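# Report on the structure
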Amino acid sequence: MGATDAASETAETVTTTVEVKLTGHVRSAAGTHQVEFTFAGETLRAFLDAFFEAYDVRDLVIAEREADATTRGWARVEQPPGTWRKNPEGEQTRPYARVLVNGVFNENLDGFDTLLEDGDRVALMKPFLYCV
């Protein structure tokens, strides 16, 4: 095995363990509010893929299309103001759902390419909303 093969094999076997906090609908569907989760890889994308495979909550959090990322009545924003950033289509959350890493919205980091380290906190939130 050459040096490149060894480096590639090492990179493929990287695992990361994070603390996951779940709220609202995600918490109800997963049946827990907190879990320590180990996954292969070191990015938020790798975490989400593994977590959604283990817990069937993807549809509660992730919007596959732009239309699923907004709710009726919200103003369309073609060019976000200032330094506000929006995740690309397929990496957006459903209305009111959020993904945070160490308390920061993922779109204010590197989106799904955000690097995670052992011990980081990832929150998947979709609050219960009631209108009276």
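Residues numbered from 1 in each chain as written. Predicted model: local features only at pLDDT ≥ 70, side-chain atom pairs only at ≥ 80, totals over all residues. Heavy atoms only, no water.

## Quick look at the overall build of the chain
Heads up, the rule is: Only DSSP runs of H or I with at least four residues qualify as helices, and only runs of E with at least two residues qualify as strands; both kinds are numbered from the N terminus onward. Per-residue accessibility, obtained with a 1.4 Å probe over protein chains only, is compared with the maximum for each type, and a residue is labelled buried under 20%, exposed over 50%, and partly exposed between these values. By the convention used here, residues are in contact when the closest approach between their heavy atoms is within 4.5 Å. Method for areas: the Shrake-Rupley scheme with a 1.4 Å probe, in which residue coverage is limited to the protein chains shown.
Scanning the chain from terminus to terminus reveals four helices and seven strands. The order of α-helices and β-strands along the chain, N terminus first, is α-β-α-β-α-α-β-β-β-β-β. Counting across all 132 residues of the chain, residues that qualify as buried make up 33%. A separation of at least 24 residues holds for 63% of the contacts in the chain among residues at least 6 apart in sequence. Looking at the chain as shown, the accessible area adds up to about 8500 Å², and 50% of this sits on carbon and sulfur atoms.

## Points about unusual backbone geometry
One non-glycine residue, Tyr96, lies in positive phi territory at about 75°. Position of Tyr96 relative to the elements: it lies in the loop between β4 (92–93) and β5 (98–101). With relative accessibility at 42%, the residue Tyr96 sits in the partly exposed group. Phi at Asn102 is positive, roughly 50°, even though this residue is not glycine. As for its position among the elements, Asn102 is in the loop between β5 and β6 (104–105).

## A look at the pattern of salt bridges
So the rule is basically this: The rule for a salt bridge is simple: a side-chain nitrogen of Lys or Arg has to be within 4 Å of a carboxyl oxygen of Asp or Glu.
Per the counting criterion, the structure on display carries four salt bridges. Measuring nitrogen to oxygen at the nearest pair gives 2.2 Å for the salt bridge that ties Glu107 to Arg98. In this structure Glu107 comes out as buried when scored by relative accessible area, which is 13%.

## Section: the packing of aromatic side chains
To keep it simple, the criterion reads: Aromatic rings from Phe, Tyr and Trp, with only the six-membered ring used for Trp, were paired whenever their centres fell within 6.5 Å, and each pair was classed as stacked if the ring planes differed by under 30 degrees, edge-to-face if by over 60, and tilted otherwise. We call a charge positioned above a ring when the Lys NZ or Arg CZ atom is no farther than 6 Å from the ring centre and deviates by at most 35 degrees from the ring normal.
Taken as a whole, this structure holds seven aromatic pairs when the rule is applied. Note on Phe39 and Phe47: the rings are 5.7 Å apart at their centroids and 70° apart in plane angle, and the pair reads as edge-to-face. For the pair Phe39 and Phe47, one class covers both residues: buried. With a centroid separation of 6.5 Å and 70° between ring planes, the pair formed by Phe51 and Phe52 is classed as edge-to-face. Sitting above the plane of the Phe105 ring, Arg98 keeps its charged end 3.7 Å from the centroid.

That's the geometry; what it means functionally is another story.
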